[in-house]
Amino acid sequence: MKHMKVYLDNAATTAMDPAVVEEMYFYMKDDFGNPSSTHSFGRKTRVAIDLARKRVAHHINAEPSEIIFTSGGTEADNMAIKCSIEDLGLKHAITSAIEHHAVLYPLEEMAKQGKIKLSLVNVDDKGRIDLDHLRELLATNDRTFVSLMHANNEIGNLLPLKEVGEICAEFDAILHSDTVQTIAHYNLDVKDLKIHFITCAGHKFHGPKGCGFLYINSDVKINPMIRGGAQERNMRAGTENVYGIMGLAKALDIAYAELDHHAAHIQGLKSYMKAQLMEILPDVRFNGDVDGDSLYTVLNVCLPSSDKNEMMLFNLDIEGIAVSGGSACSSGSNVGSHVLTAIGSPMDRPAVRFSFSKYTTKEEIDYTIDKLKFIYQLEIA
Ligand SMILES: Cc1ncc(COP(=O)(O)O)c(C=O)c1O
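Residues numbered from 1 in each chain as written. Predicted model: local features only at pLDDT ≥ 70, side-chain atom pairs only at ≥ 80, totals over all residues. Heavy atoms only, no water.

### Describing the site of the ligand
Now for step 1: Contacts to the ligand come from 13 residues, most closely from Thr74, Asp178, Gln181, His203 and Lys204.
Now for step 2: In this structure, an oxygen atom belonging to the ligand sits 3.2 Å away from a main-chain N or O atom of Gly73.
Now for step 3: In this structure, an oxygen atom belonging to the ligand sits 2.9 Å away from a side-chain N or O atom of Gln181.
Now for step 4: Here the ligand loses 84% of its free accessible area of 390 Å² to cover by the protein chains.
Now for step 5: Top element by residues in the shell around the ligand is helix 3 (residues 73-87). It accounts for three residues.
Now for step 6: Residues of the shell around the ligand, tallied by class, amount to three nonpolar, seven polar and three charged. (Near = heavy atom within 4 Å. Polar contact = N/O pair within 3.5 Å; in protein donor to acceptor, adjacent residues only side chain to side chain. Areas by Shrake-Rupley, 256 points an atom, 1.4 Å probe, with all protein chains shown as cover. Helix = DSSP H or I, 4+ residues; strand = E, 2+ residues; numbered from the N terminus. Nonpolar A, V, L, I, M, F, W, Y, C, P; charged D, E, K, R; others polar.)

### Section: unusual backbone geometry
Now for step 1: Its identity as a non-glycine residue notwithstanding, Asp172 has a phi of 60°, on the positive side.
Now for step 2: One can find Asp172 in the loop between helix 6 (161-170) and strand 6 (174-177).
Now for step 3: A positive phi angle, near 50°, is found at Glu232, a position not held by glycine.
Now for step 4: Residue placement: Glu232 occurs in helix 7 (residues 231-234).

### Some details on the pattern of salt bridges
Now for step 1: One pass over the structure, following the stated rule, counts 25 salt bridges.
Now for step 2: In this structure, Lys358 engages Asp17 in a salt bridge whose closest nitrogen and oxygen atoms are separated by 2.7 Å. Placement of Lys358 in the loop between strand 13 (351-355) and helix 12 (362-380) and of Asp17 in the loop between strand 1 (6-7) and helix 1 (18-29) is noted, with a sequence separation of 341 residues between them. Accessibility classification places Lys358 together with Asp17 in one group, the buried group.
Now for step 3: The salt bridge partner of Glu166 is Lys162, with a shortest N-O separation of 3.7 Å. Remark: Lys162 and Glu166 occur in helix 6; sequence separation between them is four residues, near one turn of the helix.
Now for step 4: Taken together, the shared-partner salt bridges connect Asp17, Glu258 and Lys358 into one network. (Salt bridge = Lys/Arg side-chain N within 4 Å of Asp/Glu carboxyl O. Buried < 20%, exposed > 50% of the residue type's maximum accessible area, 1.4 Å probe, protein only.)

### Looking at the side chain of Asn217
Now for step 1: On the secondary structure map, Asn217 appears in the loop between strand 8 (212-216) and helix 7.
Now for step 2: Within the local environment of Asn217, its side chain forms a polar contact with the backbone oxygen of Ile195, the two atoms lying 3.0 Å apart.
Now for step 3: Other than its neighbours up to four places away in sequence, Asn217 contacts Glu66, Ile195 and His196. (Contact = heavy atoms within 4.5 Å.)

### Side note on the packing of helix 3 against helix 4 (residues 101-112)
Now for step 1: One can describe the packing of helix 3 onto helix 4 by two numbers: an axis separation of 8 Å at closest approach and a directional angle of 30°. Taken together, helix 3 and helix 4 sit at an angle that is classed as roughly parallel. By crossing handedness, the relation of helix 3 to helix 4 is classed as right-handed. Contact residues: Thr74, Asp77, Asn78, Ile81, Lys82, Ile85 and Glu86 in helix 3; Ala102, Val103, Pro106, Leu107, Glu109 and Met110 in helix 4. (Axes fitted to C-alpha atoms, helices over the stretch in contact; angles between N-to-C directions. Parallel < 35°, antiparallel > 145°, perpendicular 65-115°, else oblique. Left-handed = near helix turned anticlockwise from the far one by under 90°.)

### Thoughts on the packing of aromatic side chains
Now for step 1: According to the stated counting rule, one finds three aromatic pairs in the structure shown.
Now for step 2: When the ring of Phe26 is compared with that of Tyr27, the centres are 5.0 Å apart and the planes differ by 85°; the resulting orientation is edge-to-face.
Now for step 3: Taking the centre distance of 5.3 Å and the plane angle of 45° together, the rings of Tyr186 and Tyr296 count as tilted. Of this pair, Tyr186 sits in the loop between strand 6 and strand 7 (197-201) while Tyr296 sits in the loop between strand 9 (285-286) and strand 10 (298-302), placing them 110 residues apart in sequence.
Now for step 4: A cation sits over an aromatic face here: Lys274 above Phe286, 5.6 Å from the ring centre. (Phe/Tyr/Trp six-rings, centres within 6.5 Å; stacked < 30°, edge-to-face > 60°. Lys NZ or Arg CZ within 6 Å of the ring centre and 35° of its normal.)

### Here we look at the domain arrangement of the protein chain
Now for step 1: Looking at the protein chain, the domain boundaries give domain 1 (6-15 + 259-380) and domain 2 (18-257).
Now for step 2: On a C-alpha basis, the centres of domain 1 and domain 2 stand 28 Å from each other.
Now for step 3: Contacts between the two partners involve 26 residues from domain 1 and, on the opposite side, 36 residues from domain 2.
Now for step 4: Approximately 2600 Å² of surface area, both sides summed, lies buried where domain 1 meets domain 2, with 51% of it carried by carbon and sulfur atoms.
Now for step 5: When the buried area of domain 1 at its contact with domain 2 is split by residue, Leu259, Leu295 and His338 rank highest and sum to 26% of it.
Now for step 6: Inspection of the region where domain 1 meets domain 2 yields one salt bridge.
Now for step 7: Ionic pairing is found between Arg128 and Asp289, a salt bridge with its closest N-O pair at 3.9 Å.
Now for step 8: At the junction of domain 1 and domain 2, the tally comes to 20 residue pairs in polar contact (both at pLDDT 80 or more).
Now for step 9: Elements supplying a minimum of two residues to the side of domain 1 that touches domain 2: strand 10 and helix 11 (338-342).
Now for step 10: If you tally residues by element for the side of domain 1 that touches domain 2, the top one is helix 11, at four residues.
Now for step 11: Taken together, the residues that form the side of domain 1 that touches domain 2 break down as twelve nonpolar, ten polar and four charged. (Domains from an automatic or database assignment. Buried area = accessible area lost by both parts, 1.4 Å probe.)

### Focus: the pairing of strand 3 (residues 92-95)
Looking along a regular strand, one sees the side chains alternate between the two faces of the sheet.
Now for step 1: Burial along strand 3 is two-sided: the residues His92 and Ile94 and Ala93 and Thr95 are all buried.
Now for step 2: When strand 3 meets strand 4 (residues 117-120), the two strands line up parallel, connected through four bridges. Looking across to strand 4, one finds that Ile94 is bridged to Ser119.
Now for step 3: Note on the crossover from strand 3 through helix 4 to strand 4: the handedness is right-handed.
Now for step 4: In terms of strand pairing, strand 3 meets strand 5 (residues 144-147) through three bridges, oriented parallel. (Pairing = 2+ DSSP bridges. Right-handed = clockwise from strand over helix to strand, strands pointing away.)

Shown next as structure tokens:
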């Protein structure tokens, strides 16, 4: 079998769609004006950004004025958390131990500074959020800020966001969801979801890195996190990342136009890979709610324990296969995955996250399965 380069790390980032590159190139080379300039160069990019905002808002059924472009998912998560807690005077927050660090770290910092009391909602061994516990925490505390991710980037768990929105609404809580892994992969309707903030990063759906957005429900009034110029209607200062914004909008247009087709293709590859792995490694397990509600782009494999596992990512890399991995942290250590630790994934069974995109092919999955067989045979020999 010929050597291949196989990219199965699409939850980390995706290859840009050539149509996105083309769109961005135009705004680097031709329409490069500063949207704040009042001359014709500036007016052109101002109009382009306003149209991009309308298109982005349309895809999630938001109003254009509810979209703030940011430098990515991290900034959007930080802004939702820090600004709403401070500006709405909230004294209690609920999150889970499996959130991305872009959510956990700002919340932990605010708790450490004494600004909030932070509660962690229970998560089971499949990474599912205990909604009864969420209800209990909401009922026994002051008005709360809730941050629960729509899909987990490591294990792929999907949250029943509509149900969570309804529970939060009962208690008048403010709900933020990190939707970085689901925007452009699922249809999201913010008017239907009782939600106040969602976040997006363009590079997770074949758009550019360093550009994302925060949706802020118009019922919520917060102040900016980054101050300076009057960009983004005074909500996020700094000269706009014009080509990033145009690339993100283009990538979102493409993703939603082709969503059903690509979702079916990717789900097919995930199921195929799972079946193949179970055939070659009878003792294999999977992290997360793999047979329940799970991202179709992510398959987190819990490898059978073996002394070769430590070198697994390295061996796959040598074979041209790019994946992510991790393992639960031993007590007291900071290394390892906080997500795998939270769900009690066995420490002697490291995890390999395979994540797929519209560009992934069956041939690439077959190649990966063949190389895994080879790696395990080496171990047996
Ligand atoms: C769930 C989730 N949230 C937030 C982020 C951060 O996004 P960015 O790197 O664009 O700031 C990521 C990216 O890895 C993610 O997967």
